[in-house]
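Structural features, examined
What follows is the residue order along each chain.
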Amino acid sequence: MDLNGAAAIISGGASGLGEATARELAGAGATVVVADLNAERGKAIADELGGLFVQTDVADESSVQAAVDAAVATGKPLRAVVNSAGIGWAARTVARDGSPHDLASYRKVIDINLIGTFNLMRIGAAAMARTEPVDADGQRGVVVNTASVAGIEGQTGQVAYSASKGGIIGMTLPAARDLAAVGVRVLTICPGIIDTPIYGSGPEAEAFKAKLSAPVPFPKRMGRASEFGHLVRALVENDYMNGEVIRFDGGIRFQPK
Ligand SMILES: NC(=O)c1ccc[n+]([C@@H]2O[C@H](COP(=O)([O-])OP(=O)(O)OC[C@H]3O[C@@H](n4cnc5c(N)ncnc54)[C@H](O)[C@@H]3O)[C@@H](O)[C@H]2O)c1
């Protein structure tokens, strides 16, 4: 799929992996729509990239519809939908003090990370289905979702987060099968430990990141957001990639803690 002259929508495009993806896709000639809750950062990035910002809550139906409508209104055919919005969460199923995991926070993580991803995938793919195919295969567009290796080997205290990411992994193949009918490919990336603002900043955050990334076999460091953006672009551009979940983690395998 050639991104030059296409529209691309990136949820979570105001920070971290989404921001790096917006930069990469804009660099490939796409008109990017940054769909994020964070208006200040999102607008600044969209302006810098010659794209547009739409304040979006991925968990909200009308909000995502408005973001996709804005992408369609650019006049460029929508060819890429990248789901990068997400939140972290840490709590045990039963806490050390014996209290059960708070249900409202579990629901919130599922709502944003899993339902939010499905929400943009379904509305974005419906818009792609209304475009003209680009090639003899009948291809119209690509959806790239962001899960996590925590969705495969969730650690202690990640029960909500891992469930949300495991859900994204689980829907990748059936979604690809569904969307074959409209010429849309679906892929999911599982990042390991990538250096983004999700871990916070300051000395404590730096120490936490160093501890997290110490077991990475090679390269012995955190991943870079730009490396994630590069992978998204490669997946979008490679027409035979479909229905697959790709680890992007320097070879790390999470231990229980
Ligand atoms: N950084 C990592 O190591 C890592 C590893 C595995 C998975 N991930 C996943 O990658 C994705 C991006 O993470 P990141 O590290 O870039 O985080 P980040 O915090 O830097 O960026 C996340 C962005 O999502 C936006 N967002 C949050 N809730 C939203 C909502 N309801 N609607 C729209 N936007 C919303 C935030 O405003 C923010 O701009 C997340 O889904 C995260 O779970 C990250």
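The preceding data block contains the structure.
Summary of the structure given here. Being a predicted model, the structure only gives us computed values, none of them experimental. (Residues numbered from 1 in each chain as written. Predicted model: local features only at pLDDT ≥ 70, side-chain atom pairs only at ≥ 80, totals over all residues. Heavy atoms only, no water.)

A look at the overall build of the protein
For the protein, the count of helices and strands is seven helices and nine strands. Scaling as 2.2 N^0.38, a compact globule of 257 residues should have a C-alpha radius of gyration of about 18 Å, and the protein matches this with 18 Å. Reported as C-alpha extents along the three principal axes, the dimensions of the protein are approximately 55 × 35 × 35 Å. In the protein, once contacts between residues fewer than 6 apart in sequence are set aside, the share between residues at least 24 apart is 70%. Accessible surface computed for the protein: about 11800 Å², of which carbon and sulfur atoms make up 55%. In the protein, which carries 24 positive and 27 negative side-chain charges, the distance between the mean positions of the two groups comes to 5 Å. (Helix = DSSP H or I, 4+ residues; strand = E, 2+ residues; numbered from the N terminus. Rg over C-alpha atoms; globule rule 2.2 N^0.38 Å. Contact = heavy atoms within 4.5 Å. Areas by Shrake-Rupley, 256 points an atom, 1.4 Å probe, with all protein chains shown as cover. Lys, Arg positive; Asp, Glu negative; His and termini not counted. Charge placed at Lys NZ, Arg CZ, Asp CG, Glu CD.)

Digging into the pattern of salt bridges
Counted under the stated rule, the structure contains 15 salt bridges. Notably, a salt bridge pairs arginine 185 with aspartate 239, separated by 3.7 Å at the nearest N-O pair. Here aspartate 239 lies in the loop between helix 7 (225–237) and strand 9 (244–248) and arginine 185 lies in strand 6 (residues 184–191), a separation of 54 residues in the sequence. Judged by its relative accessible area of 35%, aspartate 239 is partly exposed. (Salt bridge = Lys/Arg side-chain N within 4 Å of Asp/Glu carboxyl O. Buried < 20%, exposed > 50% of the residue type's maximum accessible area, 1.4 Å probe, protein only.)

As for the side chain of threonine 21
When you line up the elements, threonine 21 lands in helix 1 (residues 16–27). Owing to a relative accessible area of 0%, threonine 21 belongs among the buried residues under this scheme. When residues no more than four places from it in sequence are discounted, the contact partners of threonine 21 are Ile10, Val82, Phe228, Gly229 and Val232.

Focus on the sheet that holds strand 3 (residues 52–55)
Spatially, the seven strands line up as an open sheet ordered 3-2-1-4-5-6-9, and their pairing is parallel. Bordering the open sheet on either side are strand 3 and strand 9, each of which pairs with just one other strand. Neighbour-to-neighbour, the strand axes of this sheet turn through a mean angle of 20 degrees, independent of strand direction. Two elements, strand 1 (residues 7–11) and strand 4 (residues 78–83), share five bridges in a ladder whose sense is parallel. Residue pairing across strands places isoleucine 10 opposite valine 82, the latter belonging to strand 4. (Pairing = 2+ DSSP bridges. Axes fitted to C-alpha atoms, helices over the stretch in contact; angles between N-to-C directions.)

Re the layout of surface pockets
Space inside the largest pocket adds up to approximately 1300 Å³. Residue lining of the largest pocket: 49 residues in total, with Ile87, Gly88, Tyr161, Ile198 and Tyr199 positioned closest to the centre. The residue makeup of the lining of the largest pocket, split by class, is 24 nonpolar, 18 polar and seven charged. As a volume, the second largest pocket reaches approximately 220 Å³. What lines the second largest pocket is Asp137, Gly138, Gln139, Ala180, Gly183, Val184, Arg185, Asp239, Tyr240 and Asn242. Among the residues making up the lining of the second largest pocket, the classes are represented as three nonpolar, four polar and three charged. (1 Å grid on protein atoms, 1.4 Å probe; cavity = no way out; pocket = protein on both sides within 12 Å on 5 of 7 lines; lining within 4 Å. Points joined across faces, edges and corners; volume = space filled by probe spheres on them. Nonpolar A, V, L, I, M, F, W, Y, C, P; charged D, E, K, R; others polar.)

Overview of helix 5 (residues 159–179)
In an α-helix, one turn spans 3.6 residues, which is why side chains three or four residues apart end up on the same side. Here helix 5 contains 21 residues, and its C-alpha end-to-end distance of 30 Å stays within 8% of the 30 Å for a straight helix at 1.5 Å per residue. In the structure, helix 5 departs most strongly from a straight axis at threonine 172, where the bend amounts to approximately 35 degrees and where the proline proline 174 lies between one and four residues downstream. Buried within helix 5 we find Ala160, Tyr161, Ser162, Ser164, Lys165, Ile168, Met171, Thr172, Ala175, Ala176 and Leu179. On its buried face, helix 5 is in contact with helix 4 (103–129), strand 5 (141–146), strand 6 and strand 9. (Expected span 1.5 Å × (residues − 1). Bend = angle between axes of the 7 residues up to and from the residue.)

Some details on the site of the ligand
Around the ligand lies a shell of 28 residues, among which Ser15, Asp36, Tyr161, Thr196 and Tyr199 are the nearest. Here an oxygen atom of the ligand sits 2.6 Å away from a polar atom, N or O, in the side chain of tyrosine 161. Relative to its unbound accessible surface of 830 Å², the ligand loses 92% to contact with the protein. Taken atom by atom, the bulk of the ligand overlaps the largest pocket. Class assignment for the residues of the shell around the ligand results in 15 nonpolar, ten polar and three charged. (Near = heavy atom within 4 Å. Polar contact = N/O pair within 3.5 Å; in protein donor to acceptor, adjacent residues only side chain to side chain. Sits in = over half its atoms within 2 Å of the grid points.)

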